[in-house]
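Commentary on secondary and tertiary structure
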Amino acid sequence: MVSNIALLDKLKSSGLIVPLDFHLALFFSRRANLTDPLAQARFAFLVVWLSVEVRAGHVCINLDDITKVNLEYRFGFERINNLYADLGNPKLTDWLSTCHLVGQNMVSDGEMLSPFVLNKHRFYFQRMWQYEKQVANYFNHTICLNKPTSLAIKELDILFPANYASAEIDWQKVATASAITQQVAIISGGPGTGKTTTISKILATLVAVHRQQFQSDLRIVAAAPTGKAAARLTESLSAAVATLPIDDSIKERIPIEAVTLHRLLGARIDSNKFLYYKDNPLSVDILLIDEASMVDLPMMSSIIAALPKHARLILLGDKEQLSSVEAGAVFGDLCELLAHGYSHQHTLIIKQLTGYQLDATNNHPSIADSICLLQKSYRFASQSGIGILANLIKIGDSQEVIRLLTHHQYRDIYFYNMTTSEQYEQAIENCVSHYQSYLHTITPSLLDVEIILSSFAKFRLLCALRDGPFGVQGLNKLIENLLLEKGSISRRKQEAWYIGRPVMILKNSFSLGLFNGDIGITLPAADDSNKLKVYFLLPNGEIKAVSPFRLPEHETAYAMTIHKSQGSEFEHVAVILPNQYSPLLTRSLLYTAVTRAKQTISLYSSKTILEKTISSKINRQSGLADLLV
Ligand SMILES: Nc1ncnc2c1ncn2[C@@H]1O[C@H](COP(=O)(O)OP(=O)(O)OP(=O)(O)O)[C@@H](O)[C@H]1O
């Protein structure tokens, strides 16, 4: 048997927990006032494990899943056996009685303000429970706002002219019909499935119908979780709107400039509270959020709190991509409800608006009517390797992926089976040769910053990890050294800054207008070529030059993590996987990396690691689906 302190000390020395986990568990297990040391140690374990899992992105832990077998992959066989022996080999009933023993002041069913909540065997921090309940409450109470009108049918027919040659359902039209009638629209689709095209048509229809009915205009705001994603939305939305067969006066009402969610909500430097919240709601009739899979649970809860009651919410994203860095997978959880099908009432509405007869089902959460999946890719032709590869990864067919990669059938995918250090060195050499191309565009006598930035954006090396030779830091150093060796860059000894150094911002700076994920290139200052400045392309197309010494936290950006690449696209993407398996290597990570490529993907990995990565699917723990009725 073990005390709470001895247990936590053991976990700390194993390196599995960080000081925050340790101190939280110690604090609460002491405060729980348990006289039995075994119960105290078990409670300390529940708290420490909850803390670890929330840091890993889960909203809660499910007590059904806390078993020796399930935890083995995190602790290792020997350690979990010892740990379980120390804890008296607890079963579900023991975990439940531990929660019961500590009393309602510590663990309640969520009705009291206790530090922890136990709901349907799910163990939460109170804060996470509140977020989840608020988000569920919102999605449970959204309504069907409009009945189909002849006006709406006419607009849809203009935007989606009938294609008599095809008997297929046009899901873009269905998504548009659904979005103009429902208060909430949730649209998921892979790369090039027409999400932006669809959203431009949704907004155009809503503006046109509203104007004719009320002779007024809607306040529409477009937003995305990161600066990069907002910049891409700005660009793609304006291009899509420009091609619509509608009046210019309608086009003018569709927002062209997207903002980040932090900016939208009025994030403040000196406070973690937003300017806009329940009592000071946003002034908006329609809020569109792109890359919604990157929105975490606390942020979704803040958005919902700041939305006026009447406003429409449109969430756009790809449910197969990585979930947010912080806890929760709201978009993914919502999209799972698609399996319930549509209500009879909803299929009638869709039939009236589009002519398509969808299948109807009974007994499903009302929010399921708001979800639409776009599956047909218009970017990747059927003979495109990237499209096929992405689909195979998505369904987890590792054998077919290996077959596809080793048959050299497609000219847009390259696979380098990387098992030796020579192959690793060759991989770095290959990447260096791509980076030399953008460095060639830097001619100090005639600097064209836009060309340099767009040339750099053509190729990117993505990796799964931060540390080690396969992580961002190791790879950046290696690439930099090789470029120095080859004379493609030059710098004074020990100097961090040199002409051509690409950097990525790691922390938002509202005062500078630079955001986490923004990438800039170091070049001679326009007003003094002896000085260096870092040049960024802003979402509105302007170039911003900032002295290196004023930059917020940043790092060199030849290589970047797949997480950071979410929301960006590059013509050519190289992905390098480590030579050791890590739980970070998951199917959605690889899918996200591959779908960042517009024209070419180069994959560097051993077949074993690749297979393991594709087979590994992480489901984030949350109770949201259960709370949606
Ligand atoms: N129904 C359609 N018929 C023909 N082409 C289409 C259709 N829908 C979209 N496209 C074209 O396919 C390309 C991708 O469309 P779009 O940018 O809307 O997709 P997306 O899902 O937003 O892509 P991304 O992966 O960049 O988010 C565009 O060139 C667009 O014009």
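Just so you know, these numbers come straight off a predicted model, no measurement behind them.

**Thoughts on the site of the ligand**
Around the ligand sit 13 residues in total, of which K195, T196, T197, R232 and R379 are the nearest. Here K195 contributes a side-chain N or O atom positioned 2.9 Å from an oxygen atom of the ligand. R232 has a polar side-chain atom sitting 2.7 Å from an oxygen atom of the ligand. Protein burial of the ligand: of its 630 Å² of free accessible surface, 64% is covered by the chains. Residue contributions to the shell around the ligand peak at 3 residues, all from helix 10 (residues 195-214).

**Description of the pairing of strand 4 (residues 122-125)**
Covered by surrounding structure in strand 4 are R122 and Y124 together with F123 and F125, the residues of both alternating faces. Here strand 1 (residues 61-62) pairs with strand 4 via 2 bridges, running antiparallel. Pairing of N62 across the sheet is with R122, part of strand 4. Here strand 3 (residues 116-119) runs beside strand 4; their pairing, made up of 4 bridges, is antiparallel. Bridge pairing in strand 4 places F116 opposite F125. Counted between consecutive antiparallel strands, the loop separating strand 3 from strand 4 contains 2 residues, among which K120 sits at a positive phi close to 50°.

**What about the nonpolar core?**
Counting 84 residues, the largest nonpolar core has F43, F45, I66, F116, F123, F139 and L315 as its most contacted members. For this core, the leading source of residues is helix 3 (residues 37-55), giving 12 residues. Aside from chain neighbours lying at most four places away, what touches F45 is L7, L11, I66, L71, F75, L83, L87 and W95.

**What about the side chain of N140?**
Its location among the elements puts N140 in helix 7 (residues 126-140). On the basis of relative accessible area, N140 is assigned to the buried category, the value being 18%.

**Brief notes about the environment of E320**
You can see E320 is positioned in the loop between strand 9 (312-317) and helix 15 (330-336). Among all residues touching E320, those that are not within four sequence positions of it are K394, S588 and Y591. Engagement of the side chain of E320 in a polar contact is seen with the side chain of K319, the distance being 2.9 Å.

**Some words on the sheet that holds strand 17 (residues 554-556)**
In spatial order, the strands read 16-15-14-13-17; together these 5 strands make up an open sheet with antiparallel pairing. The open sheet has two edge strands, strand 16 (543-546) and strand 17, and neither has a second partner. Direction aside, neighbouring strands of the sheet carry axes that sit 35° apart on average. Of the pairings in the sheet, the one linking strand 13 (residues 502-505) to strand 17 comprises 3 bridges and is antiparallel in character. What sits directly across from I505, in strand 17, is H554.

**Some details on unusual backbone geometry**
Residue H121 is not a glycine yet carries a positive backbone phi of 70°. Looking at where H121 falls in the secondary structure, it is placed in the loop between strand 3 and strand 4. For H121, a relative accessible area of 27% corresponds to the partly exposed category. Look at E291: it is not a glycine, yet its phi comes out positive at around 50°. With respect to the secondary-structure elements, E291 resides in the loop between strand 8 (286-289) and helix 14 (297-306). The class for E291 is buried, based on a relative accessible area of 8%.

Conventions used here
- Residues numbered from 1 in each chain as written.
- Predicted model: local features only at pLDDT ≥ 70, side-chain atom pairs only at ≥ 80, totals over all residues.
- Heavy atoms only, no water.
- Near = heavy atom within 4 Å.
- Polar contact = N/O pair within 3.5 Å; in protein donor to acceptor, adjacent residues only side chain to side chain.
- Areas by Shrake-Rupley, 256 points an atom, 1.4 Å probe, with all protein chains shown as cover.
- Helix = DSSP H or I, 4+ residues; strand = E, 2+ residues; numbered from the N terminus.
- Buried < 20%, exposed > 50% of the residue type's maximum accessible area, 1.4 Å probe, protein only.
- Pairing = 2+ DSSP bridges.
- Core = buried A, V, L, I, M, F, W, Y, C linked by side-chain atoms within 4.5 Å.
- Contact = heavy atoms within 4.5 Å.
- Axes fitted to C-alpha atoms, helices over the stretch in contact; angles between N-to-C directions.

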